[in-house]
Amino acid sequence: MAATLRRFNGFRLLKSTPALSLQQAKNLSTASSWANGNKKLIGAVGAVTGGVGTLLFALEQSVQASGTEVHPPAQPWTHKGLFSSLDHQSIRRGYEVYKQVCSACHSLQYIAYRNLIGVSHTEAEAKAEAEQIMVKDGPDDTGNFFDRPGKLSDYFPSPYPNEEAARAANNGAYPPDLSYISSARHGGEDYIFALLTGYHDAPAGVVLREGQYFNPYFAGGAISMAQVLYNEVIEYEDGTPPTQSQLAKDVATFLKWTSEPEHDDRKRLLIKVIGILGFLTAISYYIKRHKWSALKSRKIVFVPKEK
């Protein structure tokens, strides 16, 4: 027994440690109480943050549920998938719908004709579209303004010179700019499709003022925009049957693109990121196994010294 204790003492397993001083004990006690207080503070902040987040979510859901409009049903859009791109033929047809129907009242002030290149039109086609408008430019060398055909760098023209003229032409209602309308409305392209195809006769008890129409998908139900899409209201260049639902689908896809011109580029980048990260993960796993295999397979043996 004495020999065993002597051997343990030789390996410093029974080495005595000096007692803590009074100041060290106080410091240790203060540090411990500060750590406990910190934990309580972090826990309280987390609980308050979670409670506020839950309250905001509940309020948002209650406000949406108590609205006066009907929520649009979800449509099976081809670009909804994680790696799905926009239908560029539909974008081109949607541009035709906007040009022949929607541009009479709504503007696209943040979209230029050059943005159409490589998306729905070739460069020559986009240039031809731009040349169909007249743009006031200048001043020239004599200080006068002049009208010129549009260029690729020009933005889509507004149908009205200012907001007051737009309201005067629409019974006081201001037609919004459609550049980002898909992102600005709850429901996005589902809302646009439902709004354009959802006109009905006003039910009993709903009073509409002069120049208003009933649409259950619009907040309040009373909308100043008349129904503009009907079967065969325009003719498509590619011969697609211009039914009301087809027209609404195409213009909703077009407005989805105007709201997110980087949509396809973002998903293409996602595919590249996933591919690169997958390759790097495989390489990292192989290197980890190769470098750590010697350490993980080693055997540690303790051989005590004999005196």
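Fair warning: this is a prediction, and the values are worked out from it, not measured in the lab.

### What to know about the packing of helix 3 (residues 88–100) against helix 8 (residues 244–259)
- Between helix 3 and helix 8, whose axes approach to 7 Å, the crossing angle comes to 100°. Here helix 3 lies roughly perpendicular to helix 8, going by the angle between them. Every residue of helix 8 that contacts helix 3 at Ser90, Ile91, Arg93, Gly94, Tyr95, Val97 and Tyr98 is listed here: Gln246, Leu247, Lys249, Asp250, Val251, Thr253, Phe254 and Trp257.

### Quick notes on the side chain of Arg148
- Summarising the element assignment, Arg148 is placed in strand 2 (residues 146–149).
- Note on Arg148: relative accessible area 14%, which makes it buried.
- Of the polar contacts made by the side chain of Arg148, one reaches the side chain of Asp137; its length is 2.7 Å.
- A distance of 2.9 Å separates polar atoms of two side chains, one belonging to Arg148 and the other to Asp154.
- Setting aside anything within four residues of it in sequence, one finds Arg148 in contact with Ile133, Met134, Val135, Asp137 and Asp154.

### Considerations on the confidence of the model for the protein chain
- Mean pLDDT over the protein chain works out to 86, with 85% of the residues at or above the 70 mark.
- Predicted confidence is poor over residues 1–20, with pLDDT under 50, and the contacts of this stretch with residues over four places away or in other chains come to six contacts.

### Brief notes about the nonpolar core
- Residues Leu108, Tyr113, Phe156, Phe254, Leu255 and Trp257 are the most contacted members of the largest nonpolar core, which totals 38 residues.
- If one sorts the elements of this core by residue count, helix 8 sits on top with seven residues.
- Setting aside residues up to four positions removed in sequence, Phe156 forms contacts with Tyr95, Tyr98, Leu108, Gln109, Ile111, Ala112, Tyr113 and Leu116.

### Notes on the packing of aromatic side chains
- A complete count under the given rule lists eight aromatic pairs for this structure.
- Judged by centre distance (5.9 Å) and plane angle (40°), the rings of Phe254 and Trp257 are tilted. Of this pair, Phe254 and Trp257 are both found in helix 8, three residues apart, which corresponds to roughly one turn of the helix. In terms of burial, Phe254 and Trp257 fall into one category: buried.
- A network of ring pairs unites the aromatic residues Tyr95, Tyr98, Tyr113, Phe156, Phe254 and Trp257 as a single cluster.
- A cation over a ring is seen here: Arg93 above Tyr236, with NZ or CZ 5.9 Å from the ring centre.

Cut-offs applied
Residues numbered from 1 in each chain as written. Predicted model: local features only at pLDDT ≥ 70, side-chain atom pairs only at ≥ 80, totals over all residues. Heavy atoms only, no water. Axes fitted to C-alpha atoms, helices over the stretch in contact; angles between N-to-C directions. Helix = DSSP H or I, 4+ residues; strand = E, 2+ residues; numbered from the N terminus. Parallel < 35°, antiparallel > 145°, perpendicular 65-115°, else oblique. Contact = heavy atoms within 4.5 Å. Buried < 20%, exposed > 50% of the residue type's maximum accessible area, 1.4 Å probe, protein only. Polar contact = N/O pair within 3.5 Å; in protein donor to acceptor, adjacent residues only side chain to side chain. pLDDT = per-residue confidence, 0-100. Core = buried A, V, L, I, M, F, W, Y, C linked by side-chain atoms within 4.5 Å. Phe/Tyr/Trp six-rings, centres within 6.5 Å; stacked < 30°, edge-to-face > 60°. Lys NZ or Arg CZ within 6 Å of the ring centre and 35° of its normal.

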